[in-house]
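# Coordinate inspection notes
Here is how the chains run, residue by residue.
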Amino acid sequence: MPQNPTLEIEQSLWKQGLLRIAGVDEAGLGCLAGPIVAATVLLPVHCEMIAGVRDSKLLSASQRERLFDIVKSNAIAIGVGIATVREIEQINVLRASYLAMQRALSRVAPYDHALIDGRPIRQTDLGSHTAIIDGDATCYAIASASIIAKVRRDRFMRRLAQRYPGYGWEKNAGYGTKQHLAAIQSLGITPYHRKTYAPVQKVIQQFELNLEA
C-alpha cells in the first residue's frame, strides 16, 4: 500500500524554532527530452495538510492540476527552478537537478531548513537541509513540491509539443515511451532532446553512419 505523507518531520523542526520550512522536489530526471524542473513549497507554520496531497506520481493529471492551485494558494511562497537541456548535457543530469533545486530555493529565501527528496547532496550548497529518500511519499512538504514541479513541467512540455508535434510530449512529457522512441527514429531529434542519453545517442550515431555510407 502506498504511504501517505505526514507532517512529522516539519513539526519536529517547528518545535526547534525553525519556522520557514521548504519542501523541495524535481520532475523530469529520467526524461529523454525537456528540462528538469524543481519546485520549492514554503509551508505555513503548523499548517494542516491538504487532503489528497501525496507523491505526484500516484496522482492522475486532473488530480495534480486541482491540487496545484490549492497548494499554491495555501503556501507562504512557491519557487520554481529550471535546468536546461544544455546544462543537463554539460554537467550531468544529477548535478543539473541540484542546480534546479538551488534556483527554486533561491526564490523563496530566506528559509530556515529545506526538506529535499532524494539521497544526501554534497556537490551543491543548498543551505541547511535534510535529504529524504522517497521523501515525496512520506514528507508532506516534499509531496507538495512534487505536485508543483510535475504540473509546471507537464505544462511546459505540452507547449513544446505544439512546436514539435509527433513525439507525444503532450502525453508522455518527454519520457521514453514506445511512441516517443519511434518518433525519434522517424522524425529525428529536436533541440530539446538530451543528446547524452543512450536512446538519443543511438539515433545520432545511426544518422552519422548513414552520412558516411
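Residues numbered from 1 in each chain as written. Predicted model: local features only at pLDDT ≥ 70, side-chain atom pairs only at ≥ 80, totals over all residues. Heavy atoms only, no water.

### Overview of the overall build of the protein chain
A tally of helices and strands in the protein chain yields 9 helices and 5 strands. Along the protein chain, from the amino end to the carboxyl end, the secondary structure elements read α-β-β-α-β-α-α-β-β-α-α-α-α-α. Taken over C-alpha atoms, the radius of gyration comes to 18 Å for the protein chain, in line with the 17 Å a tight globule of 213 residues would show. With respect to the principal axes defined by its C-alpha atoms, the protein chain has extents near 70 × 35 × 30 Å. Sorting the 213 residues of the protein chain into buried and exposed places 46% on the buried side. Contacts spanning at least 24 positions in sequence make up 65% of the contacts within the protein chain whose residues lie at least 6 apart. Taking the average place of the 25 positive charges on the side chains of the protein chain and the average place of its 19 negative ones, the gap between the two points comes to 5 Å. (Helix = DSSP H or I, 4+ residues; strand = E, 2+ residues; numbered from the N terminus. Rg over C-alpha atoms; globule rule 2.2 N^0.38 Å. Buried < 20%, exposed > 50% of the residue type's maximum accessible area, 1.4 Å probe, protein only. Contact = heavy atoms within 4.5 Å. Lys, Arg positive; Asp, Glu negative; His and termini not counted. Charge placed at Lys NZ, Arg CZ, Asp CG, Glu CD.)

### Considering the layout of surface pockets
In this structure, the largest pocket spans a volume of roughly 560 Å³. Forming the boundary of the largest pocket are 24 residues, of which Asp25, Glu26, Leu29, Lys57 and Asp117 lie nearest the centre. Counting residues per element, the ones that place at least two in the lining of the largest pocket are β1 (21-27), α4 (93-106) and α6 (140-163). Here the lining of the largest pocket gets 4 residues from one element, more than from any other, and that element is α4. Taken together, the residues of the lining of the largest pocket break down into 8 nonpolar, 6 polar and 10 charged. (1 Å grid on protein atoms, 1.4 Å probe; cavity = no way out; pocket = protein on both sides within 12 Å on 5 of 7 lines; lining within 4 Å. Points joined across faces, edges and corners; volume = space filled by probe spheres on them. Nonpolar A, V, L, I, M, F, W, Y, C, P; charged D, E, K, R; others polar.)

### Topic: α4
The terminal C-alpha atoms of α4, which comprises 14 residues, lie 20 Å apart, in line with the 20 Å expected from a rise of 1.5 Å per residue. All of the buried residues along α4 are Ala96, Ser97, Tyr98, Ala100, Met101, Ala104 and Leu105. Where the residues of α4 are buried, they touch β1, β2 (36-42), β3 (77-83), α3 (85-91) and β4 (113-117). Where α4 begins, one side-chain oxygen reaches toward the backbone nitrogen of Leu94, 3.0 Å away; that side chain belongs to Asn92. (Expected span 1.5 Å × (residues − 1). Polar contact = N/O pair within 3.5 Å; in protein donor to acceptor, adjacent residues only side chain to side chain.)

### Digging into the pairing of β4
The side chains of a regular strand alternate between the sheet's two faces. Extensive coverage of β4 is indicated by the burial of 5 of its 5 residues. Residue alternation in β4 divides its side chains into two sets, His113, Leu115 and Asp117 and Ala114 and Ile116, and both sets are buried. Examined bridge by bridge, β1 and β4 share 4 bridges and lie parallel to one another. Along β4, the bridge assignment pairs Ile21 with His113. The sheet contact formed by β4 and strand β5 (residues 129-132) spans 4 bridges and is parallel. Each residue of the ladder has a partner; that of Ile116, found in β5, is Ala131. (Pairing = 2+ DSSP bridges.)

### Regarding helix α2 (residues 61-74)
In this model, α2 (14 residues) spans 20 Å end to end at C-alpha, consistent with the 20 Å of a helix rising 1.5 Å per residue. Taken as a whole, α2 has its buried residues at Arg64, Leu67, Phe68 and Val71. Looking at the buried residues of α2, the elements they touch are β2 and α6.

### A look at the sheet that holds β2
What the 5 strands build is an open sheet, ordered β3-β2-β1-β4-β5; its pairing is mixed. The open sheet terminates on both sides in strands that have one partner only, identified here as β3 and β5. Ignoring which end each strand starts from, the neighbouring axes of this sheet average 20° apart. Relative to the sheet, α6 contacts β1, β2, β3, β4 and β5, its axis offset from that of β1 by approximately 40°. (Axes fitted to C-alpha atoms, helices over the stretch in contact; angles between N-to-C directions.)

### Some words on the pattern of salt bridges
If you walk through the whole model with that rule in mind, you get 7 salt bridges. Arg158 is the salt-bridge partner of Glu65, the closest N and O atoms lying 3.3 Å from each other. Here Glu65, found in helix α2, pairs with Arg158, found in helix α6; they are 93 residues apart in sequence, far enough to count as distant. Residue Glu65 is classed as partly exposed on the basis of its relative accessible area of 26%. Among the residues examined, Arg158 registers a relative accessible area of 35% and is labelled partly exposed. One salt-bridge network, held together by shared partners, links Asp55, Lys57 and Asp136. (Salt bridge = Lys/Arg side-chain N within 4 Å of Asp/Glu carboxyl O.)

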